[in-house]
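Structural overview
So you can see what is in the structure, the chains are spelled out below.
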Amino acid sequence: MENHTKEFILVGFKSHPGSQLLLSVLFSTMYVVTVAGNAFMILIVRMDSKLHTPMYFFLENLSILDICYSSVITPKAALTFSLGRRIISYNGCASQMFFFSLFGTTEAFFLAVMAYDRFTAICNPLLYQIIMNKRLCVFMVVGSYLSGCINCTIQTGFTFSLSFCGPKEINHFFCDVPAVMRASCSDTLVNEIVMLAVCGSIIVGTALVVFISYGYIIITIVQMPSAESRRKAVSTCSSHMLAVSLFFGTVFFMYAQPGATSSPEKSSTISILYTVVIPMLNPFIYTLRNKEVKGSLKKQLKRKGKQEIKLLLFFMFFLAYVLTVTENVMIVVLVWTNFQLHKPMYVFVGNLSFLEIWYVSVIVPKVLVSLVTKRQGISFTGCMAQLFFFLSLACSECTLLAVMAYDRYVAICNPLHYPIIMDHTLCTRLAVGSWMSGFLISTGKVYFISRQTYCGPNIINHFFCDVSPLLKLACTNMSVAEFMDFLLALLILLVPLIVIMASYVCIISAVSGIPSAQGRHKAFSTCASHLLVVTVFYTASLFIYARPHPIDSFRSYKLVSVVYTVLTPLVNPVIYCLRNQEFKIALRKTIYWRDIWS
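A brief report on the enclosed structure follows. (Residues numbered from 1 in each chain as written. Predicted model: local features only at pLDDT ≥ 70, side-chain atom pairs only at ≥ 80, totals over all residues. Heavy atoms only, no water.)

**A few points about the pattern of salt bridges**
Two side chains bearing opposite charge may form a pair once their charged atoms approach each other closely. With the rule as written, the count across this model stands at five salt bridges. The partner of Asp117 in a salt bridge is Arg118, with the nearest N and O atoms 3.0 Å apart. Grouping residues by exposure puts Asp117 and Arg118 together as buried. A salt bridge links Glu228 to Arg231; the shortest N-O distance between them is 2.9 Å. Taken together, the residues span about one helical turn, with Glu228 and Arg231 both in helix H8 (residues 227-255) at a distance of three residues. (Salt bridge = Lys/Arg side-chain N within 4 Å of Asp/Glu carboxyl O. Buried < 20%, exposed > 50% of the residue type's maximum accessible area, 1.4 Å probe, protein only. Helix = DSSP H or I, 4+ residues; strand = E, 2+ residues; numbered from the N terminus.)

Printed below as a string of C-alpha cells:
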C-alpha cells in the first residue's frame, strides 16, 4: 500500500509537562548505569579465565545485547524529554522498531538458552562439558539472533505496510509495534492477529523451554542428598530465575494478549520496565548473587589491581575528556552561529567554553598516555609548560566568572542601561582582560617555582604538574616561592570572589524589591546556573591554593584536583544548557538542521 508519511510525533508522557526534565535526567542516569554495569560485566568475564565457561559466555552476550537493546530506545527518549523535540522520521521510526524487536526477541531466546545451560549443568553434570561445547554455544547465540531477525522483519514489515493519516501521533515514547498500529488509519485486525501469533509463539515457546528446564532442575535438586549441594544448585539458578520473571512477566503483559494495544498509558509505563529498568538491573542481579563473579572481582583487585584500576581510570578520563570537548565545542558553535545568542551573557559563556576545552586538554591527554603506556616521565620544560598553561587558564576562569557575575548584576540592577553599559567594546575588553590577567598571574607563579632546585627521586605524587607536588620536591629553601604562590593565589582568587559576592549582594537586594513572584523567579533563574558553577569552582580552588602551606594528604589533593580539572569543565555546559531556554531552542534548531539564522 502506498504511504506518503514522512514523520511521526512521539507523545508518550506528554501529558506531564512538569516532569519532562525529571524524565530526561532519570532516563539519562539509567542509561549510563546500564552501559557501565553491562560493560563492567563483559570486562570481568573477559579478564578471568575461570569465567570462560558456557554460563558466562551467555552472560557476556546478554550484557552486550542489553547495551544495544537500551541504546535503541533510551538516548532518543532522553533527548525527546529534554528538548521537547518529539518528531521522528518515518525511516527512523521503522529502524527503531526493527532493532528494538531484534534485540527484544533475541533476549527472550537468550534467557531460554541460559535455562537449558543450567538444566544441563545440574541434571547432567558429568556430560556438561561435552554437551555444552564451544560449537553448540556459538550456534545457540547465532540462532537466537537469527530468530530475532526473522521476528523483527515480520513485525516491521507488517506494521509499516499500513497507511498513516491524520495527526500521525504515536502515543508512546518510542516506536513500539502496538503504538504505531494505533496511529494507523487502516484496518489493523490482520496485523494484530499476526503480532499475537508471532509474539505469542515466541514468548510461550521460550517460556516453555524455561519452565521445562526448571521443572527438571527442581526434580534433580529435590533428589540431592545433602542440603549444601541443594543450596549450591539453587544459588546458580536464582539470578537467572529473577531475570526471567522480570522480563517474561512484563513482555507477556504487553504482547501475548489480544488487548495489547488497548491501554496506551499503561503500556508506556510498563514499557519502561523491559526497555530501561531490566537491562539496568541484569548486571546487578547476576553479580550480587554470584560468588564466582564477586570472587573474580576481589581476586583481580588484589592481584592485578593496578592494571585494572588504570584501565578503569583511562576509561573514565577518556569518556570525561570526549564529553567535555564535545559539549564545550557545541556551546561555542551555538553562540557563534546563532544570532539570538549574540548577547554579552552568551559571549562570556562562549569564552568560558573555549577556555575549558584548552583547560582539560592541558591535563587529560597526558594522563591518558601515562595510564596506557610506560611513559610516566615528563621533562622539566614540559612540566613547567603544563603548569604555566594550566595556571593561566585556571586564573583566567576565575576572572571570567567574576566578569559574568558583573554582567548579571548590570542586567538585573540596571536593565534599562544594560545594552549601553555592556556594549561590544566593554565585553571585548572584559574578555581580553580576563585572559591577560590569568596569563600574568601564571607567569609570576611559574617564575618562582621554576627557580627552585630539584633533587632526589623527582617523583611527582600527582597526575599532572601542579604547584604543591612540585614544591614538595624542592631541596632548597622554598619559603619565598610558597609565599609568592600564596600571595598570587589570594590575589587571583579573592579579588574576583569579592566582585562576585558584591554583585550578588546587589542582585539579591534588587530582586527582593521586585513586586511579583514571577519577576523574582525569572531574575533568579538567570543567575542560578552561574552561581552553581562559581560555588563548585571556588570551593575546590580555595581548598587547594588559598592556604599558606601545601596539603599533606595527597590522596585528598588528587581527589579535589579531579573536581576542578575534569568534573567542572564537564558539567558546566550541562548546567548552562539545561536551565536556559534560549540555549535549548538553539540546540534544537541545530540538531534538526533548521535555519538557525532566522
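That covers the picture; the talk isn't over yet.
**Some thoughts on the state of the cysteines**
Taken as a whole, this structure holds two disulfides when the rule is applied. One disulfide in the model links Cys93 with Cys175; its S-S distance is 2.1 Å. Taking the sign of the torsion about the S-S bond as the criterion, the disulfide between Cys93 and Cys175, at about -125°, is left-handed. Of this pair, Cys93 sits in helix H3 (residues 90-123) while Cys175 is found in the loop between strand E3 (169-170) and helix H6 (177-182), placing the two residues 82 residues apart along the sequence. Accessibility expressed as a relative area gives 0% for Cys93, which makes it buried. Its relative accessible area of 0% is what places Cys175 among the buried residues. (Disulfide = S-S within 2.5 Å.)

**Some thoughts on the packing of aromatic side chains**
Here the structure, examined in full by the defined rule, presents 23 aromatic pairs. Plain terms: the ring middles of Phe110 and Tyr145 are 5.7 Å apart, the flat faces sit at 90° to each other, and that makes the pair edge-to-face. Residue Phe110 is found in helix H3, and its partner Tyr145 is found in helix H5 (residues 134-159); the two are separated by 35 residues along the sequence. On the numbers, 4.9 Å between centres and 65° between planes, the contact of Phe390 with Phe464 is edge-to-face. Taken as a pair, Phe390 in helix H13 (residues 380-413) and Phe464 in the loop between helix H15 (424-450) and helix H16 (467-473) lie far apart in primary sequence, 74 residues in all. (Phe/Tyr/Trp six-rings, centres within 6.5 Å; stacked < 30°, edge-to-face > 60°.)

**Details of a nonpolar patch on the surface**
On the surface, Leu312, Leu313, Phe315, Met316, Leu319 and Leu323 cluster together to form a nonpolar patch covering roughly 540 Å² of accessible area. As for its position among the elements, Met316 is in helix H11 (residues 305-337). Classification of Met316 by relative accessible area gives partly exposed; the value is 46%. (Patch = residues over 30% accessible without salt bridge, like charges linked within 9 Å, V, L, I, M, F, W, Y side chains within 5 Å. Areas by Shrake-Rupley, 256 points an atom, 1.4 Å probe, with all protein chains shown as cover.)

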